[in-house]
Amino acid sequence: RAIAEKRYEDVPENIPVVSSETIGQPRNLYAASKVWTESLAQVYGHSHGMSSLCIRIGWVTGEDQPRGGRSDIWCSQYDIAELTRCCIEADPGLLFGIYYGMSKNKWCWVDMDNSANQLGFEPKQSAEDFA
């Protein structure tokens, strides 16, 4: 909340991150439908052998720059396209995964390690480039 409210002095030095392993806690029907869809993808991956990779897309804007102060979850058009390419070209043996589509933002609070380790995705842009 401190990041979203731009109270950076209240942000811990080592920001605790949300990972793809963090249990979803949907707060509305839209969020619940996303968690349900990821669960369905996991069933298809593990039970049916169909590669099902899920992207939790951050905030991609038409003007391709952060606006309104939410630089923590911003994702450039280039970075989301690159993550999508990495998913399409992933090892077919990778049957399920959840990956965050965020740029390399200073205040990022999601774990991007599995995107790098499993897919080779390294975001190139950051919200701070536009500060």
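For every chain, the first residue of the written sequence is number 1, and numbering continues from 1 onward in sequence order. Selection of residues for local features in this predicted model requires a pLDDT of at least 70, selection of side-chain atom pairs for listing and counting requires 80 or more, and totals for whole chains, interfaces and linings are taken over all residues. Only hydrogens and water are set aside; all other atoms, that is, all heavy atoms of the structure, feed into the side-chain values.

(A) Focus on the packing of aromatic side chains. Two rings from Phe, Tyr or Trp (for Trp, the six-membered ring) form a pair when their centres are within 6.5 Å of each other. A pair whose planes differ by under 30 degrees is stacked, one over 60 is edge-to-face, and the rest are tilted. Under the counting rule described, the total for this entry stands at two aromatic pairs. With centroids separated by 4.4 Å and ring planes inclined at 10°, the aromatic side chains of Y8 and W107 adopt a geometry described as stacked. Residue Y8 is located in the segment before α1 (29-48), and its partner W107 is located in the loop between β2 (96-101) and α3 (113-119); the two are separated by 99 residues in the primary sequence. The cut-offs for exposure are 20% and 50% of the maximum accessible area for each residue type, with area from a 1.4 Å probe on protein chains only; residues under the lower value are buried, those over the upper are exposed, and the others partly exposed. We classify Y8 as partly exposed; its relative accessible area is 26%. Geometrically, the ring pair formed by W74 and F130 is edge-to-face, given 5.4 Å between the ring centres and 75° between the ring planes. On the criterion of sequence distance, the pair formed by W74 in the loop between β1 (52-57) and α2 (77-88) and F130 in the segment after α3 is long-range, its members being 56 residues apart. A relative accessible area of 38% means that F130 is categorised as partly exposed. Where helices and strands are cited, they refer to DSSP runs of H or I of at least four residues and of E of at least two residues respectively, numbered from the N terminus.

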